[in-house]
Amino acid sequence: MSKKTSNISIIILAAGASKRMETPKQLLKWGNSTLLGNTIETALKLPVNEVIVVLGAHYNLIKKEISNYPVTILNNEEWEKGLGKSLAFGVEYITASKQNIDGILVTLADQPLIDTVFLNKLIDTFNKKKHPIIATSYKNKKYGVPVIFDQIYFEELQTLNDDFGAKHLLKKHKSSVKILIPELENLDLDLKADYKSLCKKIFDK
């Protein structure tokens, strides 16, 4: 596990309206916290420069709930353009602040099974400098977030403007991607039934 501070920052994407969940899923209860709170707490345990949270829909409500955390909170007013736009917005902030960092670790607020141990593994792999992109395996041979991008991709990341995140960049630079497999399945919680089922599995023991 990483001990010294890595020269990367974390961007947590949490700007969506959660329409399929019918409530701001960022604030759904998860243990003694919320889905977003859990993601932030996980990120704050990592040896990184800065933790950045990109909000959008329900900005004031969610900001109020996470204002006690030592994180940078950004308001993406164009959140409706999708995940890609929120990622671009976060990278634009980093570029504008002239942070001389080696890369960014991108995570989502709705992947509660992703833990500190796995994220440290991503960071350690990136720090070996053999691969400029470190991605996470999904089912059906897919891969994506959490993902670390080397700073050489910042300019491309700032051009994202859709709801597919950085998927096309991962495909475009496939030969530069190292894929790691998490111990637990890499789940996104988009439906209330999925959320309730996972809560029951994790907490009702």
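What this report covers is the structure whose coordinates are included nearby. (Residues numbered from 1 in each chain as written. Predicted model: local features only at pLDDT ≥ 70, side-chain atom pairs only at ≥ 80, totals over all residues. Heavy atoms only, no water.)

Describing the overall build of the protein
In step 1: Each helix and strand counted, the protein has seven helices and nine strands in total.
In step 2: Taking 205 residues into account, the globule formula puts the C-alpha radius of gyration at 17 Å, and the protein, at 16 Å, falls close to it.
In step 3: With the principal axes as the frame, the protein shows a C-alpha extent of 40 × 35 × 30 Å.
In step 4: Looking at the protein as a whole, 52% of its 205 residues qualify as buried.
In step 5: Within the protein, contacts between residues at least 6 apart in sequence are counted, and of these 69% link residues at least 24 apart.
In step 6: Here the protein displays about 10900 Å² of accessible surface, and carbon together with sulfur accounts for 50% of that area.
In step 7: Positive and negative side-chain charges of the protein, numbering 29 and 23 respectively, have mean locations separated by a distance of 5 Å. (Helix = DSSP H or I, 4+ residues; strand = E, 2+ residues; numbered from the N terminus. Rg over C-alpha atoms; globule rule 2.2 N^0.38 Å. Buried < 20%, exposed > 50% of the residue type's maximum accessible area, 1.4 Å probe, protein only. Contact = heavy atoms within 4.5 Å. Areas by Shrake-Rupley, 256 points an atom, 1.4 Å probe, with all protein chains shown as cover. Lys, Arg positive; Asp, Glu negative; His and termini not counted. Charge placed at Lys NZ, Arg CZ, Asp CG, Glu CD.)

Notes on the sheet that holds strand S1 (residues 8–13)
In step 1: With respect to topology, seven strands assemble into an open sheet ordered S5-S4-S1-S6-S8-S7-S9, the strand pairing being mixed. With one partner strand each, in any of the chains shown, strand S5 (72–75) and strand S9 (177–180) form the two edges of the open sheet. Each adjacent strand pair in this sheet contributes to an overall mean axis angle of 25 degrees, direction not counted.
In step 2: When strand S7 (residues 133–137) meets strand S8 (residues 143–150), the two strands line up antiparallel, connected through four bridges. (Pairing = 2+ DSSP bridges. Axes fitted to C-alpha atoms, helices over the stretch in contact; angles between N-to-C directions.)

Brief notes about helix H4 (residues 116–127)
In step 1: Here H4 is 12 residues long and its end C-alpha atoms lie 16 Å apart, about the 16 Å a rise of 1.5 Å per residue gives.
In step 2: Inspection of H4 places Thr-116, Phe-118, Leu-119, Asn-120, Leu-122, Ile-123, Thr-125 and Phe-126 among the buried residues, and these make up the whole buried set.
In step 3: Here the buried face of H4 lies against S1, helix H1 (35–44), strand S6 (103–108), S7, S8 and S9. (Expected span 1.5 Å × (residues − 1).)

Notes on the side chain of Thr-125
In step 1: Counting through the fold element by element, Thr-125 comes out in helix H4.
In step 2: Here Thr-125 falls in the buried class, since its relative accessible area comes to 15%.
In step 3: In terms of polar contacts, Thr-125 uses its side chain to reach the backbone carbonyl oxygen of Lys-121, at 2.8 Å.
In step 4: For Thr-125, the residues in contact, after removing those within four places along its chain, are Ile-134, Lys-178 and Leu-180. (Polar contact = N/O pair within 3.5 Å; in protein donor to acceptor, adjacent residues only side chain to side chain.)

Observations concerning the packing of aromatic side chains
In step 1: This structure, assessed with the given rule, holds two aromatic pairs.
In step 2: Note on Trp-30 and Phe-203: the rings are 4.8 Å apart at their centroids and 75 degrees apart in plane angle, and the pair reads as edge-to-face. Of this pair, Trp-30 sits in strand S2 (residues 29–30) while Phe-203 is found in helix H7 (residues 192–203), placing the two residues 173 residues apart along the sequence.
In step 3: A relative accessible area of 7% places Trp-30 in the buried class.
In step 4: Take Phe-203: its relative accessible area is 38%, and that puts it in the partly exposed class.
In step 5: Pairing Phe-149 with Tyr-153 gives two aromatic rings, centres 6.2 Å apart and planes at 75 degrees, and the pair type is edge-to-face.
In step 6: For Phe-149, a relative accessible area of 1% corresponds to the buried category. (Phe/Tyr/Trp six-rings, centres within 6.5 Å; stacked < 30°, edge-to-face > 60°.)

A short note on the pairing of S8
In step 1: Burial analysis of S8 places eight of its eight residues in the buried class, which makes it a mostly covered element.
In step 2: Sheet analysis places S6 next to S8, joined by four bridges and oriented antiparallel. What sits directly across from Leu-105, in S8, is Ile-148.
In step 3: Here S7 hands over to S8 after five residues, with Asn-140 in that stretch at a positive phi of 55 degrees.

Observations concerning the environment of Thr-107
In step 1: Checked against the element boundaries, Thr-107 lands in strand S6.
In step 2: The exposure class of Thr-107 is buried, given its relative accessible area of 6%.
In step 3: When the C-alpha positions of Thr-107 and Val-53 are compared, they lie 9.6 Å apart, and in sequence the two are 54 residues distant.
In step 4: Other than its neighbours up to four places away in sequence, Thr-107 contacts Ile-10, Ile-11, Ile-12, Leu-13, Thr-39, Leu-119 and Pro-146.

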